[in-house]
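The primary structure of each chain is shown beneath.
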Amino acid sequence: MTTHHPLGTAPDGNPRRPGELLPRALVYLAGCLVFSLGAHCFIQSNLGTDPLDVFSLGVLRHLPLTIGICQAAVAVVCIGVWAVWNRKRPVVSPFVTFFLCGSLIDLFQWLRPVAWLGLRSYPLMLLGALLCAYASALIIMSGFGIRAIDLLAITIRQRRTWPFWCAKGLIEGVLLLSGWLLGGPVGVGTVAFLVFVDLLIEPFVRFNRRFLDIPDHGFAVALAAP
């Protein structure tokens, strides 16, 4: 079985040279930037939020918390399950992605770049879905900072040999149903995110490998851990 080595360590256990880390870092940063832009498109479309936000907003109707705290709690649970299942120490890099993407979304909300495109409603929502799916593929392929839900979905994919979209859809479907029962808002954009983003991530990974020659340090590594 192939084992995963930390981002800064080569297979022989020695530190990687900076030249080896730079391409992966660029792929990761590009993924965070594009994902944040896609999330901005979703927000500006006003057609609904992603399942995680539905759950968070549903919780807020009953508890005096914040969206950030709710999402961090979900991340902690996913990472905890991943760590127990794989008998590994919990990882912290998903929280780097959580903070970085959150900060970039705030920046895009201030700059409003989608206003330059002249898109509204459904076209903007579909653009957001495509950007989030492609960005998720980039972050996974970098092997670093894989989002907590995706990290757990990869483990389900490897342990149960399920398609990635099925594993990820199961987790987000639970969040969506729970959030809806708690009173969270569900819209067309919520369903679009659940369907399009989850279905397109793995095809985008294959596209990047085949046509852009981007190495896969996420799906291609057994029991991947950033």
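Here goes a summary of the coordinates provided.

About the cut-offs
- Residues numbered from 1 in each chain as written.
- Predicted model: local features only at pLDDT ≥ 70, side-chain atom pairs only at ≥ 80, totals over all residues.
- Heavy atoms only, no water.
- 1 Å grid on protein atoms, 1.4 Å probe; cavity = no way out; pocket = protein on both sides within 12 Å on 5 of 7 lines; lining within 4 Å.
- Points joined across faces, edges and corners; volume = space filled by probe spheres on them.
- Helix = DSSP H or I, 4+ residues; strand = E, 2+ residues; numbered from the N terminus.
- Nonpolar A, V, L, I, M, F, W, Y, C, P; charged D, E, K, R; others polar.
- Disulfide = S-S within 2.5 Å.
- Buried < 20%, exposed > 50% of the residue type's maximum accessible area, 1.4 Å probe, protein only.
- Axes fitted to C-alpha atoms, helices over the stretch in contact; angles between N-to-C directions.
- Parallel < 35°, antiparallel > 145°, perpendicular 65-115°, else oblique.
- Left-handed = near helix turned anticlockwise from the far one by under 90°.
- Core = buried A, V, L, I, M, F, W, Y, C linked by side-chain atoms within 4.5 Å.
- Phe/Tyr/Trp six-rings, centres within 6.5 Å; stacked < 30°, edge-to-face > 60°.
- Contact = heavy atoms within 4.5 Å.

1. Here we look at the layout of surface pockets
Volume-wise, the largest pocket comes out at about 740 Å³. What lines the largest pocket is a set of 29 residues, and nearest its centre among them are D50, D53, Q71, I105 and R147. Breaking the lining of the largest pocket down by element, the ones donating at least two residues are α1 (18-45), α2 (51-60), α3 (67-86), α4 (93-111) and α6 (148-160). No other element matches the seven residues that α4 contributes to the lining of the largest pocket. When its residues are assigned to classes, the lining of the largest pocket shows 18 nonpolar, seven polar and four charged.

2. Some words on the state of the cysteines
Under the defined criterion, the tally for this structure stands at zero disulfides. The thiol of C32 is not disulfide-bonded; the next cysteine sulfur, from C101, is found 4.0 Å away. Look at C32 and you get buried, because its relative accessible area is 0%. The thiol of C41 is unpaired, and the distance to the nearest cysteine sulfur, on C132, comes to 7.9 Å.

3. Some words on the packing of helix α5 (residues 121-142) against helix α8 (residues 188-211)
Axis separation between α5 and α8 bottoms out at 7 Å; the angle between their running directions is 45°. Here α8 runs oblique to α5, going by the angle between their axes. Considering how the two elements wind past one another, α5 and α8 form a crossing that is right-handed. Of the residues that constitute the contact of α5 with α8, the class distribution is 21 nonpolar, three polar and one charged.

4. A closer look at the nonpolar core
One finds I140, F164, V197, I201 and F219 to be the most contacted residues of the largest nonpolar core, which totals 49 residues. Broken down by secondary-structure element, the contributors of at least two residues to this core are α1, α2, α3, α4, α5, α6, α7 (164-181) and α8. Looking at this core element by element, the count peaks at ten residues for α5.

5. A word on the packing of aromatic side chains
Enumeration according to the criterion identifies five aromatic pairs in this entry. With a centroid separation of 5.0 Å and an interplanar angle of 80°, the aromatic rings of Y28 and F144 are classed as edge-to-face. Here Y28 is found in helix α1, whereas its partner F144 is found in the loop between α5 and α6, with 116 residues between them in sequence. Residue Y28 is classed as buried on the basis of its relative accessible area of 6%.

6. With respect to the side chain of K168
Within the secondary structure layout, K168 lies in helix α7. When its relative accessible area of 1% is taken as the criterion, K168 is described as buried. In this view, K168 contacts R147, I149, D150, A153, D198 and I201; residues no more than four positions away in its chain are not counted.

7. Observations concerning empty space enclosed by the protein
Overall, the coordinates contain one cavity of 30 Å³ or more when judged by the stated rule. Estimates place the volume of the largest cavity at around 50 Å³. Surrounding the largest cavity, D50, P51, L52, R147, I149, E172, L175 and F193 form its lining. Taken together, the elements giving at least two residues each to the lining of the largest cavity come down to α2 and α7. Each residue belonging to the lining of the largest cavity can be placed in one class, and the counts come to five nonpolar, no polar and three charged.

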